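# Fold and contact review
Letter by letter, the chains look like this.
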Amino acid sequence: MKVKINDEKRTLFLYYNPHPSHAAMAESVGAKFYPAPRLNSDVNGVVEILKGAVQIIISVLNMPKDYDVYLCESTYIIPGIARKLGFLKNAKIVNIFASPLLYYLKTGRMKGSNRWLAMHTMNEIDGAVCIGKMEQGLLADIAPGLKSVVVYPFIEADIYRKLAKTKPSLGSHNVLTIGSGNAYYKGIDVEIAAFRRVRERFPDAKFYIVGKIEGEHLYKNEPGIIFLGRVRSIMPYIKQSSLYVQLGRGDTFPVSSLEAMLAGLPTIVSHWTGTREIVRKIDERMIVPLDPEEVARSINNYFKLNMKKKSKYSKKARRESKHFTQSKTVKGFIKRYSALVNSI
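Before going into details, it helps to say that this report is about the structure given with it. The shown structure was predicted, so the numbers you read here are calculated from the model rather than taken from an experiment.

### With respect to the sheet that holds strand 8 (residues 206-210)
Backbone-to-backbone hydrogen bonds pair the strands of a sheet. The strands run either parallel or antiparallel. Taken together, the six strands give an open sheet; going across it, the order is 9-8-7-10-11-12, and neighbouring strands pair in parallel fashion. Both edges of this open sheet fall to strand 9 (225-229) and strand 12 (287-288), since each of them pairs with a single strand only. Sheet analysis places strand 10 (residues 243-246) next to strand 11 (residues 267-270), joined by three bridges and oriented parallel. Paired with Gln 246 across the bridge in strand 11 is Val 269. Sheet contacts for helix 9 (residues 188-201): strand 7 (174-178), strand 8, strand 9 and strand 10; angle to strand 8, the most-contacted strand, approximately 165°. Across the face of the sheet, helix 11 (residues 255-262) comes into contact with strand 7, strand 10 and strand 11 while running at roughly 165° to strand 10.

### Points about the packing of helix 3 (residues 77-84) against helix 5 (residues 112-122)
Closest axis-to-axis distance for the helix 3/helix 5 pair is 9 Å, and the angle between their directions is 65°. Where helix 3 crosses over helix 5, the two elements pack in a sense that is left-handed. Taken together, the residues of helix 5 that come into contact with helix 3 (itself represented by Ile 77, Gly 80, Ile 81 and Lys 84) are Leu 117, Ala 118, His 120 and Thr 121. Grouping the constituent residues of the contact of helix 3 with helix 5 by class yields four nonpolar, three polar and one charged.

Cut-offs and rules
- Residues numbered from 1 in each chain as written.
- Predicted model: local features only at pLDDT ≥ 70, side-chain atom pairs only at ≥ 80, totals over all residues.
- Heavy atoms only, no water.
- Pairing = 2+ DSSP bridges.
- Helix = DSSP H or I, 4+ residues; strand = E, 2+ residues; numbered from the N terminus.
- Contact = heavy atoms within 4.5 Å.
- Axes fitted to C-alpha atoms, helices over the stretch in contact; angles between N-to-C directions.
- Left-handed = near helix turned anticlockwise from the far one by under 90°.
- Nonpolar A, V, L, I, M, F, W, Y, C, P; charged D, E, K, R; others polar.

Take a look at the structure:
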């Protein structure tokens, strides 16, 4: 479903490989799509930084300069530099914060020239769209005073229908996680360290990891740990699992955890995973620190529950995640985004 609004402001959407939710948001306000280079928040080497700098310069020079609003998918550095060079004097820059950037800035993981550039150009942002409340809280710490609104991603309609009918194996000792890319960002190291401890208590337990994860070869021979890579459908692995785990380090608002909950999988998340605000409504105790001992204790406690209690958690998970539909997300975005743009 695409919802259009009449807006006299011409908008350019600077995207990477746009998240379906962000793309739908941009389409809803009639934005023109324009690709931007992906910048790696973890890069600190001289050669990598220089390569990134060249990409940024090329993008700044080539980017259209005649739009009223630049809606950025964590790409604000490009229009930020353009404005500092005097190219965007009358335009507004609105950034969608949906990456580990703010967490990395807060914790000091991003250092050196990357940190300087991110902070220096952040001063050029006029307004922010934060994907979830956790991200808005981080933004308030990093850039106090910057106007922001909170919006949420959605579960795509075709998979929504399938997930709503799926039944997990609540009686099993199988754990599922879904994520691709950076293992640190997704907390894979903590999950595996916790799972080793779980296997001591439940030796039949399996840990399914869906998605292409960097460095997975380091754990290939671990008993019970199954790296599945990219799969056509997550349904078979949800059906085999009893519990979903997402231990992000600044994982903004992972749709995968919403999908798991919609399928009836009780979910454990870290304090630094944005969907903690949804998990909190199910059971505060399922929000855990990034500590393998604490995570293992939480998983073990769940496995020891009787089926009646597990079924109660499953029903709560479905109920709290069913609201994340495309129509609701896009309508909420249009309302909040329009108010934000009109106030800056």
